[in-house]
Amino acid sequence: MLNLMMDDQLNISMVMEYAEQTAAHVEIVSVLSNGQQHRYTYADAFQRARKLANALDQLQIAAQEPVATLAWNDYRHFELYYAVPCSGRICHTINPRLFPEQIVYIIKHAKNRIVFLDPQFVPLLEKIHSELPLLQHIVVLCAADELPQSSLPNLISYEALIATHPDSYMWPELDERTPSGLCYTSGTTGNPKGVLYSHRSTLLHTLAGCLPNATNLSGADVVLPIVPMFHVNAWGVPYSAAITGCKLVLPGNKAGDGATLTALINQEQVTYAMGVPTVWLALVNHLESSGQQVSSLRRAVSGGAACPLALIERMRAQGIDLEVGWGMTETSPLGSYNRRQPWYDELPSEQYQRQVTLAGRQVFGIRLRIVSPDGQSLPRDGKASGILQARGPWVACGYYGGTPSKGWFDTGDVATINPQGYVCIVDRTKDVIKSGGEWISSIDIENAVMAHPAVLEAAVIGLPHPTWSERPLLVVVPRPTHSVEPSELLEFLKDRVAKWWLPDLCILAEGLPHTATGKVSKKDLREQYQEIQWPQSATQSANAS
Ligand code: AMP
């Protein structure tokens, strides 16, 4: 029997229509590269999105053609997030921090004919343009009189492109399975791989992301996505802010600067912000050293990498609940979220500390499980650790240009899941340290050492060892205001991690290598220290398990 419910398609133009009818006058504030601010409303944004859609038609950008962007978080990028997919094309965000050869690979692989880019990325494109014969249209996200001098042919400014077009447009009634967005993920090996989102996956991800046990956004919030719009749809905020009617604050390229963030949060009265742990570190360092406060900011989410307890506690001391989220490009990204529950405060201190650092519970709509290397499902007992797998309507089942596969998606993370459904990310499969046949979690050791007041950043990597196959090396960047000896840090860890987990060696460094998405690049660290000589005494004592 056929059901008798309307078969309306779940597509992004629904988000736009709803926001226009319910949040038309809510503000979108953008920080521009010159430090000035731009303000307008959702109604203004969608009016300009219609002009842009007309411009894309005139340029004869085909249906389902990827439209590339190389841009920070601001209002013009926001307009692309709507005009491109809602007119039937694919919004293809590219991470400008990738190596130029990776960007060339991505643009060629996606066969981009058009790119929208911030003026500051024009020199980058100049360097690689000769390798991109398919690229026909280069649109700089600026006003006509701000167009930079460039050797690139036929540069056009965004404002000139949309200026002459009408602000009316009939958004097509797209099938919900039409592709809407494309984001390449750069693994540590091989070429980047494209994750192709659909209108349906984006809409369902948006709805789930707003649930009370996830971001819990509402019209009372002012939301600041510090996570860049070129990485996994800025965790979905450009859409979830619109359906909840939040004022949206887009920080441009000022994401990593604690002082600028503090000023912006205070000026716009931001209540909720999203970013990777390094961003929160920059913010809290600034708050502690300057004595300034951000009293409107009640909650923030940390994702993209493990969040150390020390950071959560330092943020709490500033009145901010830092909640942990887990996800990846292939999961749109939201997979699990640790929304602080009232019962956390009743837990004994050690359990509380563990609870707040967990990656949270799977959000409704995603299913998570852990399996052994031979694919056997493992118990959700909080003890067994295995390869984390995911499935659900916003989880990838293949990569752009490839064929879809069936079954669960292998995340490449190692995790435990406890009987309450809380996920603990133990490590990346390739970062986990195998010593004497047992697994050591680099994340746990890093979290423990981050509690030392002299530690600014820390990473633990496994390196080959003649007896134990691998042993952990701890690399620490000390805070500039503190001096510390490696032996003191190892001593500090002694009663915080299992004896046989204790790193054999600690090295102080001036900085750590980071990937294009701001995470510590353990691959680079492993290469850097591959010739390390293990100290004799520590090697002998490492066996005590
Ligand atoms: P990406 O696709 O670049 O966003 O990277 C996704 C990867 O980041 C995941 O597979 C995890 O390894 C890591 N990650 C994301 N969130 C967390 C978290 N809360 N704790 C630990 N690792 C995380």
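Up top you'll find the structure we're talking about.
Read on for an overview of the structure. Not measured: the values here are computed from a predicted model. (Residues numbered from 1 in each chain as written. Predicted model: local features only at pLDDT ≥ 70, side-chain atom pairs only at ≥ 80, totals over all residues. Heavy atoms only, no water.)

**Notes on unusual backbone geometry**
Part 1 of the argument: The omega angle of the peptide bond from S332 to P333 is 15 degrees, so this bond is cis rather than trans.
Part 2 of the argument: Relative to the assigned elements, P333 resides in the loop between strand 14 (321-327) and strand 15 (334-337).
Part 3 of the argument: Phi is positive for N154, close to 55 degrees, though the residue is something other than glycine.
Part 4 of the argument: Positionally, N154 belongs in the loop between strand 6 (137-140) and strand 7 (155-157).
Part 5 of the argument: Phi is positive for A234, which is not a glycine, with a value near 50 degrees.
Part 6 of the argument: In this fold, A234 is placed in the loop between strand 10 (222-225) and helix 8 (237-244). (Helix = DSSP H or I, 4+ residues; strand = E, 2+ residues; numbered from the N terminus.)

**Observations regarding the pairing of strand 12 (residues 272-275)**
Part 1 of the argument: Side-chain alternation along strand 12 places Y272 and M274 on one buried face and A273 and G275 on a second face that is also buried.
Part 2 of the argument: Strand direction decides the pairing type here: strand 10 and strand 12, joined by three bridges, are parallel. Following the sheet pairing, V223 is matched in strand 12 by Y272.
Part 3 of the argument: With four bridges connecting them, strand 12 and strand 13 (residues 299-302) associate as parallel partners. Across the sheet, the residue bridging to M274 is V301, located in strand 13. (Buried < 20%, exposed > 50% of the residue type's maximum accessible area, 1.4 Å probe, protein only. Pairing = 2+ DSSP bridges.)

**With respect to the sheet that holds strand 7**
Part 1 of the argument: One open sheet accounts for seven strands, arranged 7-6-5-3-4-8-9; its pairing is mixed. The outermost strands of the open sheet, each flanked by one partner alone, are strand 7 and strand 9 (193-198). In this sheet, neighbouring strand axes are inclined to one another by 25 degrees on average, regardless of whether the strands run parallel or antiparallel. (Axes fitted to C-alpha atoms, helices over the stretch in contact; angles between N-to-C directions.)

**What to know about the sheet that holds strand 23 (residues 455-465)**
Part 1 of the argument: Sheet architecture is open: three strands sit in the order 23-24-25, paired in mixed fashion. Each edge of the open sheet is held by one strand with a lone partner, namely strand 23 and strand 25 (505-508). Neighbour-to-neighbour, the strand axes of this sheet turn through a mean angle of 25 degrees, independent of strand direction.
Part 2 of the argument: Sheet analysis places strand 24 (residues 469-478) next to strand 25, joined by four bridges and oriented parallel. Bridge pairing in strand 25 links V475 to I507.
Part 3 of the argument: Packing against the sheet, helix 13 (residues 442-449) makes contact with strand 23 and strand 24, and its axis sits at approximately 145 degrees to strand 23. (Contact = heavy atoms within 4.5 Å.)

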